[in-house]
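Report on the structure
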Amino acid sequence: GNSVTQMEGPVTLSEEAFLTINCTYTATGYPSLFWYVQYPGEGLQLLLKATKADDKGSNKGFEATYRKETTSFHLEKGSVQVSDSAVYFCALDYGGATNKLIFGTGTLLAVQP
Amino acid sequence: KAGVTQTPRYLIKTRGQQVTLSCSPISGHRSVSWYQQTPGQGLQFLFEYFSETQRNKGNFPGRFSGRQFSNSRSEMNVSTLELGDSALYLCASSFLAATSTDTQYFGPGTRLTVL
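Structure report, in brief.

Calculation criteria
Residues numbered from 1 in each chain as written. Chains lettered and ligands numbered in written order. Predicted model: local features only at pLDDT ≥ 70, side-chain atom pairs only at ≥ 80, totals over all residues. Heavy atoms only, no water. Contact = heavy atoms within 4.5 Å. Buried area = accessible area lost by both parts, 1.4 Å probe. Salt bridge = Lys/Arg side-chain N within 4 Å of Asp/Glu carboxyl O. Polar contact = N/O pair within 3.5 Å; in protein donor to acceptor, adjacent residues only side chain to side chain. Helix = DSSP H or I, 4+ residues; strand = E, 2+ residues; numbered from the N terminus. Nonpolar A, V, L, I, M, F, W, Y, C, P; charged D, E, K, R; others polar. Core = buried A, V, L, I, M, F, W, Y, C linked by side-chain atoms within 4.5 Å. Buried < 20%, exposed > 50% of the residue type's maximum accessible area, 1.4 Å probe, protein only. Pairing = 2+ DSSP bridges. Axes fitted to C-alpha atoms, helices over the stretch in contact; angles between N-to-C directions. Disulfide = S-S within 2.5 Å.

Bringing the interface of chain A and chain B into the picture now. How big an interface is tends to be stated in terms of accessible area lost as the parts join. With 21 residues of chain A at the contact, the number on the chain B side is 22 residues. Counting the surface lost from both chain A and chain B, the interface buries some 1600 Å², and carbon and sulfur atoms represent 51% of this. One can count zero salt bridges joining chain A with chain B. Along the contact surface separating chain A from chain B lie four residue pairs in polar contact (both at pLDDT 80 or more). Breaking the side of chain A that touches chain B down by element, the ones donating at least two residues are strand 5 (32-38), strand 6 (44-50) and strand 10 (86-93) of chain A. Per-element accounting of the side of chain A that touches chain B gives the leading share, four residues, to strand 5 of chain A. Among the residues making up the side of chain A that touches chain B, the classes are represented as nine nonpolar, eight polar and four charged.

In this section: the nonpolar core. The biggest cluster of nonpolar side chains holds 26 residues, and the ones touching the most others in it are Leu19(A), Trp35(A), Leu48(A), Phe73(A), Leu75(A) and Tyr88(A). Of all the secondary structure elements, the ones that give two or more residues to this core are strand 2 (11-14), strand 3 (19-21), strand 4 (23-26), strand 5, strand 6, strand 8 (62-65), strand 10 and strand 12 (107-112) of chain A. The contacts of Leu19(A), once residues within four sequence positions are left out, are Val11(A), Leu13(A), Phe62(A), Leu75(A), Glu76(A), Lys77(A), Val80(A) and Leu109(A). The next biggest cluster of nonpolar side chains, apart from the first, holds 21 residues, and it includes Leu21(B), Trp34(B), Phe47(B) and Tyr49(B).

Another point: the sheet that holds strand 8 of chain A. All names here are of chain A. Taken in spatial order, the four strands make up an open sheet running 3-9-8-7, and their pairing is antiparallel. Of all strands in the sheet, those bounded by a partner on one side alone are strand 3 and strand 7 (56-59). Within the sheet, the average angular offset between the axes of one strand and its neighbour, ignoring direction, is 15°. The sheet contact formed by strand 7 and strand 8 spans four bridges and is antiparallel. Of the residues in strand 8, the one forming a bridge with serine 58 is glutamate 63.

Our next topic: the pairing of strand 2 of chain A. Residue and element names in this part refer to chain A. Alternating positions in strand 2 separate cleanly, Val11 and Leu13 being buried on one face and Thr12 and Ser14 remaining unburied on the opposite face. Looking at chain direction, strand 2 and strand 12 are connected through four bridges and run parallel. In the sheet register, leucine 13 faces strand 12, and the bridge partner there is valine 111.

Here we come to the state of the cysteines. Scanning all chains against the criterion turns up two disulfides over all chains. The disulfide partner of Cys23(A) is Cys90(A), and the gap between their sulfur atoms is 1.9 Å. With the S-S dihedral at roughly -65°, the linkage between Cys23(A) and Cys90(A) falls on the left-handed side. Of this pair, Cys23(A) sits in strand 4 while Cys90(A) sits in strand 10; the two residues are 67 residues apart in sequence, bridging distant segments of the chain. Each disulfide pairs two cysteine sulfurs, and for Cys23(B) the partner residue is Cys91(B), the sulfurs being separated by 1.7 Å. Looking along the S-S bond of the Cys23(B)-Cys91(B) disulfide, the torsion reads about -55°, which is the left-handed sense. With Cys23(B) in strand 3 (residues 19-24) and Cys91(B) in strand 9 (residues 87-94), the pair connects residues that are 68 residues apart, well separated along the chain. In terms of burial, Cys23(B) and Cys91(B) fall into one category: buried.

Now for the sheet that holds strand 1 (residues 5-7) of chain B. Residue and element names in this part refer to chain B. The antiparallel open sheet is built from four strands, whose spatial order is 1-3-8-7. Across the chains shown, the open sheet's two edge strands, defined by having one partner strand only, are strand 1 and strand 7 (64-68). Going from strand to strand, the sheet's axes swing by 20° on average, the running direction of each strand aside. With three bridges connecting them, strand 1 and strand 3 associate as antiparallel partners. Along strand 3, the bridge assignment pairs threonine 7 with serine 22.

What follows is the structure, encoded as structure tokens:
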């Protein structure tokens with residue numbers, strides 16, 4: 001079946017460090033891939049998405065590239081801030097008549113000043 | 001545009017009771033999905049409604065049910081509450097264009113505590 005695997009957290013970084021959160025997926029066909037972020041006590045916010053192979057999603061300094069050959073969608077940011085501290089979820093979805101997100105387990109990021 | 005709204009934000013119930021949660025999607029969005037988030041199981045899909053019809057259902061017991069109204073607002077109901085139903089319940093809406101992959105936008109969630 002379809003599934004998403006994320007690296008275990010927590011990830012603890014100092015401010016201005018480089019961030020990578022790994023995400024790989026198992027799916028048939030061509031799903032869309034997403035990164036959502038959840039701040040403490042809040043719901044999920046869409047961070048970025050990519051709908052086909054080699055697409056790069058980007059937002060607020062975060063980037064992720066849809067790599068079909070490695071079935072990966074790793075999240076990166078060149079210089080993290082304390083305000084980036086949150087839980088990050090990788091997800092896949094086929095949309096349309098199967099409008100159902102499948103999430104990874106989430107990765108807690110803690111950025112220290 | 002206003003975002004997805006969920007009411008109430010917090011709820012405390014006792015075992016055996018039932019509860020109804022409400023979700024108002026983004027204006028113009030026709031699909032509403034519900035997810036349960038717990039520390040142990042993570043984020044799990046409950047069900048999805050489109051045009052007042054349930055199109056997809058996750059692997060949850062029949063105590064979990066939902067409906068969608070003609071204005072796309074949705075409610076979910078949990079009957080005979082169990083301690084394990086304590087969770088954050090998230091609603092998400094999407095436009096569901098037929099020719100493109102949609103994006104789901106989430107509300108802030110309803111935190112349900114079962115005592």
